Amino acid sequence: DSGNFTWEKTDLVEELLKACSWCIILIEKHILDLFELEKFTNLFVNNLKKTSIILLQGELGSGKTTFIRMLINNLYKLHNLPQPNIIPSPTYTIQQSYLLKDYTIHHYDFYRIKKLKEIIEIGFDENIEGNISLIEWPEIIKPIIKKYNTITVKLSFVDKYKREFTIYEWFNNR
């Protein structure tokens, strides 16, 4: 595999096309194993900018945190920095931050958050500017992030080991 992504026209893609008058579907890809996920995230990080906001959607156990761990490791590799020893899930801390050369990666997990006020109190809106934000369970922050361009990564179970990744970009002028 040369790293080129394949486009598969599925019911999910059709549904997204109907709902996305202001989005572009970038890719739909089946990932078979962790080795393939590593290659995929390595390609993915090359398209990120300092202001990228990545929203991760999917059921519990679908691989959101694993995807983010590989993404963070590949961002460190891209900047020729030693990878973090551990990349914990921020389920209880809500946020983990990783400093790169000229910006920070903020990894959020809003699974346990019940009120938007809790997110505002941790300085979420200020952290977005000039940094990469990786957000698990982003549904609660829709009122805050609607003014930003975002990339959504939707993970779905295909079977016990295989996942489907659908990635699309939302534009703030919708």
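In this report, we go over the structure that sits alongside the text. What you see is a predicted model, and the numbers here were worked out from it, not measured in a lab.

## A closer look at the overall build of the protein
- Each helix and strand in the protein was counted, giving six helices and seven strands.
- Along its sequence from the N terminus, the protein presents helices and strands in the succession α-β-α-β-α-β-β-α-α-β-α-β-β.
- Counting all 174 residues of the protein, 48% fall into the buried class.
- Of all intrachain contacts in the protein linking residues separated by at least 6 positions in sequence, the fraction that spans at least 24 positions is 61%.
- Element-wise, carbon and sulfur atoms account for 54% of the exposed surface of the protein, whose accessible area totals about 9500 Å².

## Re the nonpolar core
- With 27 residues, the main nonpolar core has F44, L48, F67, I105 and V153 as its most contacted residues.
- Put simply, the parts of the chain that give this core at least two residues each are α2 (34-45), β2 (53-57), α3 (64-78), β5 (132-136), β6 (150-157) and β7 (163-170).
- Top contributing element to this core by residue count: α3, with seven residues.
- Setting aside its immediate chain neighbours within four residues, V153 contacts F44, I54, L55, L56, Q57, F67, F165, T166 and I167.
- In this structure, I94, Y108, I135 and I141 belong to the second largest nonpolar core, which totals 14 residues.

## Brief notes about the pairing of β5
- For β5, a buried count of five out of five residues is recorded, marking the element as mostly surrounded by other parts of the structure.
- Where β2 meets β5, four bridges bridge the pair, whose relative direction is parallel. Each residue of the ladder has a partner; that of I53, found in β5, is S133.

Definitions and limits used
- Residues numbered from 1 in each chain as written.
- Predicted model: local features only at pLDDT ≥ 70, side-chain atom pairs only at ≥ 80, totals over all residues.
- Heavy atoms only, no water.
- Helix = DSSP H or I, 4+ residues; strand = E, 2+ residues; numbered from the N terminus.
- Buried < 20%, exposed > 50% of the residue type's maximum accessible area, 1.4 Å probe, protein only.
- Contact = heavy atoms within 4.5 Å.
- Areas by Shrake-Rupley, 256 points an atom, 1.4 Å probe, with all protein chains shown as cover.
- Core = buried A, V, L, I, M, F, W, Y, C linked by side-chain atoms within 4.5 Å.
- Pairing = 2+ DSSP bridges.

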